Amino acid sequence: MSSSSLTLGRGPSASTLTLHDGALLVHRAADTKWPKVRVPVRDVLWAGVEDGLFELSMLARRKRTSPYSLLHITGAVSDADHAAAAAFADTLMTAAYPVLKRQRRLKVFVNPKSGPGKAASLYRKRIEPIFRAARCDVDLTFTCRGKQAQEIIETLPLDEFDAVVVMSGDGLIHEVFNGFAAHAEPAKAFRTPVTPIPTGSGNALAINLLGLEDAKDICVAALNAIKGQPMPVDLFSLTQGGERHISFMSQSLGLIADLDLGTEHLRFMGGQRFLVGFIYGLIRHRSCPVKVSIKVAHADKHKMVRDTHAARAAAEDAHAYAPSALTLPDAPAGSGLPPLQHADDREDGEGWITFDRPLVYLFAGKGPYVSSDVLQFPMSLPTDGLIDVTIQERTTRTAMFKAIDGSQRGEHFWQDTQHYYKAHAYRVEPLASSAKGWLSVDGEAFPLAPFQVEVHARLGTLLSMYGAYQLDFDAHGGGGGRGGKDRARP
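From a predicted model like this one, the values you see are computed outputs, not experimental measurements. (Residues numbered from 1 in each chain as written. Predicted model: local features only at pLDDT ≥ 70, side-chain atom pairs only at ≥ 80, totals over all residues. Heavy atoms only, no water.)

Student: What am I meant to see in the packing of helix 2 (residues 119–133) against helix 7 (residues 218–227) here?
Tutor: Helix packing for two helices is described by the angle between their axes and how far apart those axes are. At a closest axis distance of 10 Å, the pairing of helix 2 and helix 7 adopts a crossing angle of 35°. Note that helix 2 runs across helix 7; the crossing there is right-handed. From helix 2, Leu122, Arg126, Ile127, Ile130 and Phe131 reach across to helix 7, where they touch Ile218, Cys219, Ala222, Ala225 and Ile226. Its residues placed into classes, the contact of helix 2 with helix 7 shows nine nonpolar, no polar and one charged. (Axes fitted to C-alpha atoms, helices over the stretch in contact; angles between N-to-C directions. Helix = DSSP H or I, 4+ residues; strand = E, 2+ residues; numbered from the N terminus. Left-handed = near helix turned anticlockwise from the far one by under 90°. Contact = heavy atoms within 4.5 Å. Nonpolar A, V, L, I, M, F, W, Y, C, P; charged D, E, K, R; others polar.)

Student: Just checking my understanding: could you explain the pattern of salt bridges for this structure?
Tutor: Any two side chains of opposite charge can pair if their charged atoms end up close together. As enumerated under the stated definition, the model contains 23 salt bridges in all. The partner of Asp139 in a salt bridge is Lys107, and the shortest N-O contact between them spans 2.5 Å. On the criterion of sequence distance, the pair formed by Asp139 in strand 9 (residues 137–142) and Lys107 in strand 8 (residues 105–110) is long-range, its members being 32 residues apart. The class for Asp139 is partly exposed, based on a relative accessible area of 36%. Taking the relative accessible area as the measure of exposure, Lys107 reaches 3% and is therefore buried. Note that Arg409 is salt-bridged to Glu411, the shortest N-O span being 2.7 Å. For Arg409, a relative accessible area of 38% gives the class partly exposed. Taking the relative accessible area as the measure of exposure, Glu411 reaches 41% and is therefore partly exposed. Each of Asp234, Lys366, Asp384, Asp388 and Lys422 takes part in salt bridges that share partners, so that together they form one network. (Salt bridge = Lys/Arg side-chain N within 4 Å of Asp/Glu carboxyl O. Buried < 20%, exposed > 50% of the residue type's maximum accessible area, 1.4 Å probe, protein only.)

Student: Mind showing me how you'd approach empty space enclosed by the protein here?
Tutor: Using a probe with the size of a water molecule, rolled over the atoms, empty space left in the structure can be pinpointed. Applying the stated criterion across every chain, the model contains one cavity of 30 Å³ or more. Estimates place the volume of the largest cavity at around 70 Å³. Taken together, Phe177, Leu205, Asn208, Val233, Leu235, Phe248, Met249, Lys366, Gly367, Leu462 and Tyr469 make up the lining of the largest cavity. Elements with a minimum of two residues in the lining of the largest cavity: helix 6 (204–210) and strand 12 (229–240). For the lining of the largest cavity, the residue count by class is eight nonpolar, two polar and one charged. (1 Å grid on protein atoms, 1.4 Å probe; cavity = no way out; pocket = protein on both sides within 12 Å on 5 of 7 lines; lining within 4 Å. Points joined across faces, edges and corners; volume = space filled by probe spheres on them.)

Student: What should I look at first to understand the sheet that holds strand 3 (residues 23–28) in this one?
Tutor: Either a parallel or an antiparallel arrangement is found when strands of a sheet pair, and the pairing is made through backbone hydrogen bonds. Ordered in space as 1-2-3-4, the four strands form an open sheet in which the pairing is antiparallel. Of all strands in the sheet, those with a lone pairing partner are strand 1 (4–8) and strand 4 (36–40), marking the two edges. Taken over all neighbouring pairs, the strand axes of this sheet differ in orientation by 15° on average, direction set aside. For strand 2 (residues 15–20) and strand 3, the ladder comprises six bridges, and the chain directions are antiparallel. Residue pairing across strands places His20 opposite Ala23, the latter belonging to strand 3. Where helix 1 (residues 82–96) meets the sheet, it contacts strand 1, strand 2 and strand 3, and its direction lies at approximately 45° from that of strand 2. (Pairing = 2+ DSSP bridges.)

Student: Please clarify how the pairing of strand 5 (residues 44–50) should be interpreted in this entry.
Tutor: When a strand is regular, its side chains alternate between the sheet's two faces. Taken across its seven residues, strand 5 has five buried, putting it largely inside the fold. When strand 5 meets strand 6 (residues 53–60), the two strands line up antiparallel, connected through six bridges. In the sheet register, Trp46 faces strand 6, and the bridge partner there is Ser57. What sits between the antiparallel neighbours strand 5 and strand 6 is a turn of two residues, in which Asp51 has the positive phi angle 55°.

Student: Before we go on, may I ask you to explain the pairing of strand 14 (residues 250–254) in this structure?
Tutor: Along strand 14, five of the five residues are buried, which leaves the element largely enclosed by surrounding structure. Relative to strand 17 (residues 359–365), strand 14 runs antiparallel, the two being bridged by five bridges. Along strand 17, the bridge assignment pairs Gly254 with Tyr361. Pairing of strand 14 with strand 22 (residues 439–441), which is carried by three bridges, proceeds in the antiparallel orientation. Counterpart to Leu253 in the pairing with strand 22 is Leu439.

Student: Got a minute to help me understand the sheet that holds strand 7 (residues 69–76) in this structure?
Tutor: With antiparallel pairing, the three strands of this open sheet are ordered in space as 5-6-7. What marks the edges here is a single partner per strand, and that holds for strand 5 and strand 7. With direction set aside, neighbouring strand axes in the sheet form an average angle of 10°. Sheet topology note: the strand 6/strand 7 ladder contains eight bridges and is antiparallel. Bridging from a neighbouring strand, Met58 pairs with Leu71 of strand 7. The strands touched by helix 2 within the sheet are strand 5, strand 6 and strand 7, with strand 7 carrying the most contacts at an inclination of about 40°.

Rendered as structure tokens:
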């Protein structure tokens, strides 16, 4: 790749910008604290010349493990150098936005009460300056009550926005997807990409899209809103009591739902509240009296590892070498939600099984991580058209406590008492009409009453800078997997 360079200023205060091999190198001799800055072109937000001034905005890290800092570099450009400076800016912007729309139009929701309650100040101090630097057109809503975002989304003028950005936990994302479902043009609405900026307790979607480390830096999530490419994702319909809801992440009952919904009063602890809830639940060690029926695609864990590893590698290659192929087609105007395919299936029908052993919890969903501490669905893929259903059979407290230690690495996947299914649909029926407990859907409380879940392939759209979920899973953990560690990040 040929190099391109530009020098701003004269003498010892001059700055030299060099674009080479997919990276921008800035040399500022007069800056003794940070004289050399090197960033991949992906991290360049804007470059241009206006009114005789060259302006450059980018995100940069002082060290590999440091959080992003927003940098602005400016320099006067003489009439004689104007053409060269403008040409360099154009070249840099073409490299920074090769197949991406610049100046995205973003509908942004910020939940000031999410997680520890710092979202509003974080948006003003860290996120808003990044969007402004990238010249994004932002329509901002600070939510002040439940369902507010859903109501706004239901009437959102879809042609006026390129993406919906949610600065909150995962609950507000649940509202957005259900708002799409109630929109006058739901199929078209679901083509609008949704992307998170994590400020909640679990932040599962952000972790799955960005990775464990990058999800800790909300500036990376802001960059994904600017530079991420559309990534299709399967969604679920949950039907209960004649009502239909959209779920994008997970459904749980038993111990997992108890630690999720039963620890709302511990939100100030962030993600640690889930660990506290898990330990408390193990001390109680209650069974979950339900009947579970599953339409199984396959349940061979070793085959899952091989298939999942190959699918993730193919997705990364498609993203890296043919990014334009990720462009999503327009949905037909006025088309509705996809029909339910398994609502009338018999439990003894083809492919259906019934789990009839005592269980501690059921946890089903899409996306490998459910929090920074738990890699619950290591075999999850964005668009395999299946839901990962895990059932923890009742076992000893000692075995459950041991599983905590390896939960961030997904080691419980290999336990004999952890049943893992790739499924088209499943249904749950409490065995007692007076059964007590929680049903958690994307972290939201639902009645513990009979319900069914089925998959809608590629219904939703997210934004991703990688084209695959980000995780590190030891595929050899069960003694028979292939491919070593499954590192989805390029």
